[in-house]
Amino acid sequence: MGSARLPATPTSPLYAPAGGWATGPLLAVLGCAVAQSIFGVGGVMIRKFAAVGHTMDPLVFSLYRDAAACPVLLLAGLAAHGWRRPARHELPALALLGLAMVGNQWLFIEGLYRTSAGVTAMMQPSIPVFAAVLAVVARVEPIPDPRTQVGVLQLIGLFFAVSGAAVMTSEGLSTDGNSPTYVLGLFCLAGNCCSMAAYVVLQKHLVFSPHGRCRDLAGFPVTVTAWSYLWATAIMTLAAGVLALNGEADKLYDFDAQALVAVAFAALGPSVVGYGLLTLCNRQLRPSTVTAFWPMQVPVAVYLDAAVLGAVFTARQACGALLL
């Protein structure tokens with residue numbers, strides 16, 4: 001029997017097969033860099049317009065963000081490669097991607113509210129480590145071989161990531177010992193990083209693998225992102241319903257109008273452009289390569305956090321960030 005092949009890529013002026021102008025390796029690398037810069041700016045924008053004073057509940061923010069981004073992504077997918085409705089057997093896999101996205105975005109906002117944009121960005125470099133481990137478990141990438149240079153570097157990266165997270169957590173315990181807010185925020189960010197790594201690896205395994213359950217969607221990357229957002233919106237709508245049933249329905253509408261600025265930016269910037277670029281890059285590159293660009297958002301977010309929000313970082317936090 002012949003080896004399984006990915007389906008042919010549809011013809012479109014906005015899309016090209018692997019190696020083409022839209023998805024070549026060099027442009028994929030550039031796309032990863034642009035996405036991380038957008039993510040770094042996004043954290044500061046959310047912190048400035050939605051998090052300070054907790055003007056919008058994190059769940060509500062995540063819900064409105066995804067609900068705004070979903071139709072834009074669906075229209076972008078329609079323009080890029082035509083309408084493609086997933087088959088019935090593909091829906092559970094897309095729902096799994098949506099669930100990973102919920103964990104990623106919701107926990108990101110929860111962590112951002114409890115720490116700062118700079119600290120949030122400092123935790124993101126742990127994503128490549130989680131992605132490398134999950135990629136091995138899902139058999140998307142081989143097990144690191146300590147006898148090779150790449151394997152040694154991956155093991156060293158794991159050690160430094162764990163050490164950096166421990167240092168930053170200890171900083172929270174020493175400076176905010178009487179309040180669990182900072183440490184809880186770090187745990188939320190750790191969950192955010194795990195969820196983001198799971199999203200990238202699962203997408204590669206389920207969609208862009210020759211034997212993936214959704215391999216027929218490999219030629220429709222923007223549509224994959226849109227349907228993932230559709231599922232994430234549905235899941236968070238159910239969660240918001242639980243919030244309303246518990247007598248907290250006012251959180252759905254009781255917030256400062258300036259928070260909508262952050263929602264609009266998060267929907268169009270990180271969600272539409274950022275996640276759209278990541279999906280295109282994930283089709284061309286390995287998950288560990290895609291996630292290796294996450295540290296690029298650290299200098300962007302830290303600089304803007306200090307310049308725009310006046311954040312001050314301790315020497316221990318800086319050491320933790322360098323280790324990460």
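Use the structure listed above.
How each quantity is defined
Residues numbered from 1 in each chain as written. Predicted model: local features only at pLDDT ≥ 70, side-chain atom pairs only at ≥ 80, totals over all residues. Heavy atoms only, no water. Helix = DSSP H or I, 4+ residues; strand = E, 2+ residues; numbered from the N terminus. Contact = heavy atoms within 4.5 Å. Salt bridge = Lys/Arg side-chain N within 4 Å of Asp/Glu carboxyl O. Buried < 20%, exposed > 50% of the residue type's maximum accessible area, 1.4 Å probe, protein only. Polar contact = N/O pair within 3.5 Å; in protein donor to acceptor, adjacent residues only side chain to side chain. Axes fitted to C-alpha atoms, helices over the stretch in contact; angles between N-to-C directions. Parallel < 35°, antiparallel > 145°, perpendicular 65-115°, else oblique. Left-handed = near helix turned anticlockwise from the far one by under 90°. Nonpolar A, V, L, I, M, F, W, Y, C, P; charged D, E, K, R; others polar. 1 Å grid on protein atoms, 1.4 Å probe; cavity = no way out; pocket = protein on both sides within 12 Å on 5 of 7 lines; lining within 4 Å. Points joined across faces, edges and corners; volume = space filled by probe spheres on them.

(A) A look at the overall build of the protein chain. Within the protein chain one finds 12 helices and 0 strands. Helices (α) and strands (β) of the protein chain occur, in sequence order from the N terminus, as α-α-α-α-α-α-α-α-α-α-α-α. For the protein chain, the proportion of contacts with a sequence separation of at least 24, taken over those separated by at least 6, is 85%.

(B) Representation of the pattern of salt bridges within the structure. Taken as a whole, this structure holds 4 salt bridges when the rule is applied. The residue Glu90 makes a salt bridge to Arg84 at a minimum N-O spacing of 3.5 Å. Between Arg114 and Glu110 there is a salt bridge; the shortest N-O distance is 2.4 Å. Placement of both Arg114 and Glu110 in helix H3 (residues 91–114) is noted, with a separation of 4 residues, approximately one turn of the helix. Given the relative accessible area of 26%, Arg114 is considered partly exposed. Assessed through its relative accessible area of 16%, Glu110 is described here as buried.

(C) The arrangement of the side chain of Asn192 in detail. Structurally, Asn192 can be placed in helix H7 (residues 181–206). Here the side chain of Asn192 touches Gln124 through a polar contact of 3.0 Å, side chain to side chain. In contact with Asn192, not counting residues within four places along its chain, are Gly103, Asn104, Leu107, Phe108 and Gln124.

(D) Spotlight on the packing of helix H5 (residues 127–137) against H7. The geometry of H5 relative to H7 is characterised by a closest axis approach of 8 Å and an angle of 45 degrees between their N-to-C directions. One finds that H5 runs oblique with respect to H7. Relative to H7, the crossing made by H5 is right-handed. Taken together, the residues of H7 that come into contact with H5 (itself represented by Ile127, Phe130, Ala131, Leu134 and Ala135) are Ala190, Cys193, Cys194, Met196, Ala197, Ala198 and Val201. Looking at the contact of H5 with H7 residue by residue, the classes come out as 12 nonpolar, no polar and no charged.

(E) Representation of empty space enclosed by the protein. Following the criterion strictly, the structure yields 2 cavities of 30 Å³ or more and no others. Space inside the largest cavity adds up to approximately 180 Å³. Looking at the largest cavity, it is lined by 16 residues, and the ones nearest its centre are Phe39, Arg65, Asn104, Phe108 and Tyr275. Broken down by secondary-structure element, the contributors of at least two residues to the lining of the largest cavity are helix H1 (25–51), H3, H7 and helix H9 (259–284). If one sorts the elements of the lining of the largest cavity by residue count, H1 sits on top with 4 residues. There is about 40 Å³ of room inside the second largest cavity. As for the second largest cavity, its lining consists of Phe39, Gly40, Gly43, Phe108, Ala117, Thr120, Ala121, Gln297 and Ala301. Among the secondary structure elements, those contributing two or more residues to the lining of the second largest cavity are H1, helix H4 (117–123) and helix H11 (297–309).

(F) Spotlight on the environment of Gln258. Here Gln258 lies in the loop between helix H8 (221–248) and H9. Between the C-alpha atom of Gln258 and that of Met56, which follows or precedes it by 202 residues, the distance is 9.7 Å. Apart from the residues within four sequence positions on either side, Gln258 is in contact with Lys48 and Phe49.

(G) The side chain of Thr233, seen in detail. Counting through the fold element by element, Thr233 comes out in helix H8. Residue class for Thr233 comes out buried when judged on its relative accessible area of 14%. Discounting residues that sit within four places of it in the chain, Thr233 has contacts with Leu63, Asp66, Ala67 and Cys70.

(H) Broad picture of the packing of H8 against H9. Look at H8 against H9: their axes get within 9 Å of each other, and the N-to-C directions meet at 125 degrees. By the angle class used here, H8 and H9 are oblique. Taken as a pair, H8 and H9 cross one another with a handedness that is right-handed. On the side of H8, the interface is formed by Pro221, Thr225 and Tyr229, while H9 contributes Ser271, Tyr275, Gly276, Thr279 and Leu280.

None of this, on its own, says anything about what the molecule does.
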